[in-house]
Structures are given as C-alpha cells and as structure tokens.
Amino acid sequence: MATADVGGKLHLHDPRHGLDDQYFELRESGLTEITREAFFRAEGDGPRGVAIDCKRSIFHLRQAGARLLAREEKGAVYALEIKPEVFAPGLLVHLEGLPNLEQIQLSGTGIGDNDLTWLAALPRLEGVGLNHTDVTWEGIRILEKISAAELIQADHLEPAGN
C-alpha cells in the first residue's frame, strides 16, 4: 500500500469513454477531490501534480510518426515533435492525453490559428515552436490566452501593426 504526505496529489485516470478523470489532494482532514486546474497548480511550497499519460494518445501519435520524449523510461511525456511530413490537424486531438507536456515543436507544419485551441488542454506547456507555419499574430494572441507558454518560437511573423 502506498502512502503520501499531506499535500500529496493523486490522479485517477479512467480510460473508458465518457468517464472523467479524478484529481485528489491529501489534506489534514483527509483525501479531498480537487479540480484539474488545482492539481497542476503549485500552491506555496506544495507540488504540482503529475498526471498519467493516456496510452491511446501515445499510440496514435507514435503511429503517425511523432517523436515523444520522456525524462526516464516509462516516465511522463514532456516533449513532442510533429514533423511537417506527418502533421495533420486531426493529430492535435491526442494532445489532451499528454497533460504533462511542457514543449511542443510544430515548426514547418500546416498548423493554423484555430488549431492552437487544442493546446488549451496542456496545463504545463512552457514552449511552442511555430516557425514557418500558418500561425499569425492573432493565433499568438489565442495561445497567450489559453496557455502559460512563456517561449513562443515564431520568428517568421511580422511585428504587430505591420
């Protein structure tokens, strides 16, 4: 039986269609269900949660030729590269199954402004590579609203107002 300290977080993933994942935090008063947002947010010196990656999403992305990186064998996927020759907007639905994703490389792909809404499912996202894509400044504004991404690599865009 596993144990945890107060402040520890737990993610229960149910792969069956239509059943939502559950998120919990161990508090002084006992195990309390929390929101997905609270699970991934670090409060004070408490931890950010690490969720379980969806095996179905990993399978579909690998089958399509995407490159997935984990820091350790069988660890959470933290980085993803979709090369231009394998990119299809339909692949983006699988991002939802990679909640620990911190970096995504989409440079040279056919991703457009509206496709960026799929990145909203990535609470840990810090970097997005968008060089040589169809993303405009409007898309960057969309991304800024939905993501905590600090590094948006898109040097092909004209400065706002041009």
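Residues numbered from 1 in each chain as written. Predicted model: local features only at pLDDT ≥ 70, side-chain atom pairs only at ≥ 80, totals over all residues. Heavy atoms only, no water.

> Would you mind going over the side chain of Asp115 with me for this structure?
Within the secondary structure layout, Asp115 lies in the loop between strand E6 (103-105) and strand E7 (127-129). By relative accessible area, which is 18% here, Asp115 ends up buried. In terms of polar contacts, Asp115 uses its side chain to reach the backbone amide nitrogen of Gly112, at 2.9 Å. (Helix = DSSP H or I, 4+ residues; strand = E, 2+ residues; numbered from the N terminus. Buried < 20%, exposed > 50% of the residue type's maximum accessible area, 1.4 Å probe, protein only. Polar contact = N/O pair within 3.5 Å; in protein donor to acceptor, adjacent residues only side chain to side chain.)

> For this particular structure, what's the right way to read the pairing of strand E2 (residues 22-27)?
Walk down a regular strand and you will see the side chains alternate between the two sheet faces. Note that strand E1 (residues 9-12) and E2 share four bridges and pair antiparallel. Of the residues in E2, the one forming a bridge with Lys9 is Glu25. In this structure, E2 lies alongside strand E3 (residues 30-34), joined through five bridges in antiparallel fashion. When the bridges of E3 are listed, Phe24 appears paired with Glu33. (Pairing = 2+ DSSP bridges.)

> I tried to follow the environment of Asn131 on my own but got confused; where do I start?
Inspection of the secondary structure puts Asn131 in the loop between E7 and helix H3 (137-146). Take Asn131: its relative accessible area is 10%, and that puts it in the buried class. Along the primary structure Asn131 and Gly108 are separated by 23 residues, whereas in three dimensions their C-alpha atoms are 6.2 Å apart.

> How should the nonpolar core be read in this particular structure?
Note that soluble globular proteins tend to have their nonpolar side chains buried in a common cluster. Counting residues in hydrophobic clusters, the biggest one holds 25 residues, and the most contacted among them are Leu80, Ile104, Leu119 and Leu130. Sorting the residues of this core by element identifies helix H2 (55-64), strand E5 (77-81) and H3 as the ones contributing at least two each. In this structure, Ile34, Ala38, Phe40 and Ala51 belong to the second largest nonpolar core, which totals six residues. (Core = buried A, V, L, I, M, F, W, Y, C linked by side-chain atoms within 4.5 Å.)

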